[in-house]
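Overview (structure and organization)
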Amino acid sequence: MENLENLYREVILEHYKNPRNKGLLPDPSYVTVHIKNPSCGDDITIQTKIKDNQIVDCRHEGKGCSICCSSASVLTETMIGKSTDKAKIIADNYLKMVANKIYDEKIDLEEAEVYIGVRQFPARVKCASIAWQAFMQALAKK
Ligand code: ZN
């Protein structure tokens, strides 16, 4: 884990310490999805508000390791303002990247690219994925 923690330490720890868009809203116009990762206690809820095929807001709440919580924060920053089509492409590519599968490197993952190092650590792939999987489920529910 030391190498991974060092690799993109700044961005990951910054989002872990100062999470963006944290806290759920009691607003039924948001789609809410909750996912747990029993292997390391990660427990994340993602809320997404979609209007006219646009992600107008994205929020997260939960607890877990630095990879999991920071990637939820990065997710929300990446997705707000995107069209749902673009959001799906980015999330799909991100999930393939962290799982060490073939993905389209031409798709700009923005700050989420810092999680590329996770693919060297199979035990942490789920940590980096659950917020993004919850987001994909939220899009599918809409
Ligand atoms: Zn974790």
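So, a few notes on the structure that sits alongside this text. (Residues numbered from 1 in each chain as written. Predicted model: local features only at pLDDT ≥ 70, side-chain atom pairs only at ≥ 80, totals over all residues. Heavy atoms only, no water.)

1. Notes on the overall build of the chain
Secondary structure assignment for the chain yields 5 helices and 3 strands. Relative to the 2.2 N^0.38 estimate, which gives 14 Å for 142 residues, the radius of gyration of the chain is 14 Å and therefore close to what a compact globule would have. Across its three principal directions, the C-alpha atoms of the chain cover 40 × 30 × 25 Å. Across the chain, contacts joining residues at least 24 apart in sequence account for 62% of those joining residues at least 6 apart. For the chain, the computed accessible surface area is about 7200 Å², with 50% contributed by carbon and sulfur atoms. Distance from the positive charge centre (20 side chains) to the negative charge centre (19 side chains) of the chain: 5 Å. (Helix = DSSP H or I, 4+ residues; strand = E, 2+ residues; numbered from the N terminus. Rg over C-alpha atoms; globule rule 2.2 N^0.38 Å. Contact = heavy atoms within 4.5 Å. Areas by Shrake-Rupley, 256 points an atom, 1.4 Å probe, with all protein chains shown as cover. Lys, Arg positive; Asp, Glu negative; His and termini not counted. Charge placed at Lys NZ, Arg CZ, Asp CG, Glu CD.)

2. Re helix α5 (residues 122–141)
Given 3.6 residues to a turn, an α-helix orients residues that are three or four positions apart in the same direction. Over its 20 residues, α5 runs 29 Å from end to end, which matches the ideal 28 Å to within 8%, given 1.5 Å per residue. At Ser129, α5 is deflected by roughly 40°, the largest bend along its length. Looking at α5, one finds that the buried residues are Arg124, Val125, Cys127, Ala128, Ser129, Ile130, Ala131, Trp132, Ala134, Phe135, Ala138 and Leu139. (Expected span 1.5 Å × (residues − 1). Bend = angle between axes of the 7 residues up to and from the residue. Buried < 20%, exposed > 50% of the residue type's maximum accessible area, 1.4 Å probe, protein only.)

3. Structural notes on the pattern of salt bridges
Summed over all chains, the structure comprises 6 salt bridges. Between Lys96 and Asp92 there is a salt bridge, and its shortest N-O distance comes to 3.1 Å. Taken together, the residues span about one helical turn, with Lys96 and Asp92 both in helix α4 (residues 84–98) at a distance of 4 residues. For Lys96, a relative accessible area of 31% puts it in the partly exposed group. (Salt bridge = Lys/Arg side-chain N within 4 Å of Asp/Glu carboxyl O.)

4. A word on the pairing of strand β1 (residues 31–37)
Residues Val31, Val33, Ile35 and Asn37 of β1 are buried on one face, while the alternating residues Thr32, His34 and Lys36, pointing to the opposite face, are not. Both β1 and strand β2 (residues 42–51) contribute to a ladder of 7 bridges, which runs antiparallel. Residue pairing for β2: Val31 is matched across the bridge by Thr48. Counted along the chain from β1 to the antiparallel partner β2, the turn is 4 residues long, and its residue Gly41 has a positive phi close to 80°. (Pairing = 2+ DSSP bridges.)

5. Here's the deal with the side chain of Thr84
Its location among the elements puts Thr84 in helix α4. Classification of Thr84 as buried rests on a relative accessible area of 9%.

6. Remarks on the coordination of the zinc ion
Only Cys40 (SG), Asp42 (OD), Cys65 (SG) and Cys127 (SG) from the protein reach the zinc ion as donors, at distances of 2.1 to 2.3 Å. Coordination geometry of the zinc ion: the 4 donor atoms subtend angles of 90 to 133° at the metal centre, consistent with an arrangement described as tetrahedral. Here the donor residues for the zinc ion map to a single chain with the spacing C-x1-D-x22-C-x61-C. On the basis of relative accessible area, Asp42 is assigned to the buried category, the value being 1%. (Donors = N, O, S within 2.8 Å, 3.2 Å for Na, K, Ca; no water. Tetrahedral: all angles 85-135°; square planar, octahedral: opposite > 155°, others 65-115°.)

7. Overview of the pairing of β2
Taken across its 10 residues, β2 has 8 buried, putting it largely inside the fold. Relative to strand β3 (residues 54–63), β2 runs antiparallel, the two sharing 9 bridges. Directly across from Lys51, in β3, lies its bridge partner Gln54.

8. Some thoughts on unusual backbone geometry
Located in the positive-phi region is Asn21, a residue other than glycine, with phi close to 55°. Considering the arrangement of structural elements, one finds Asn21 in the loop between α2 (9–17) and β1. Residues other than glycine seldom take positive phi values, yet Glu110 does so here, at roughly 55°. Secondary-structure assignment places Glu110 in the loop between α4 and α5.

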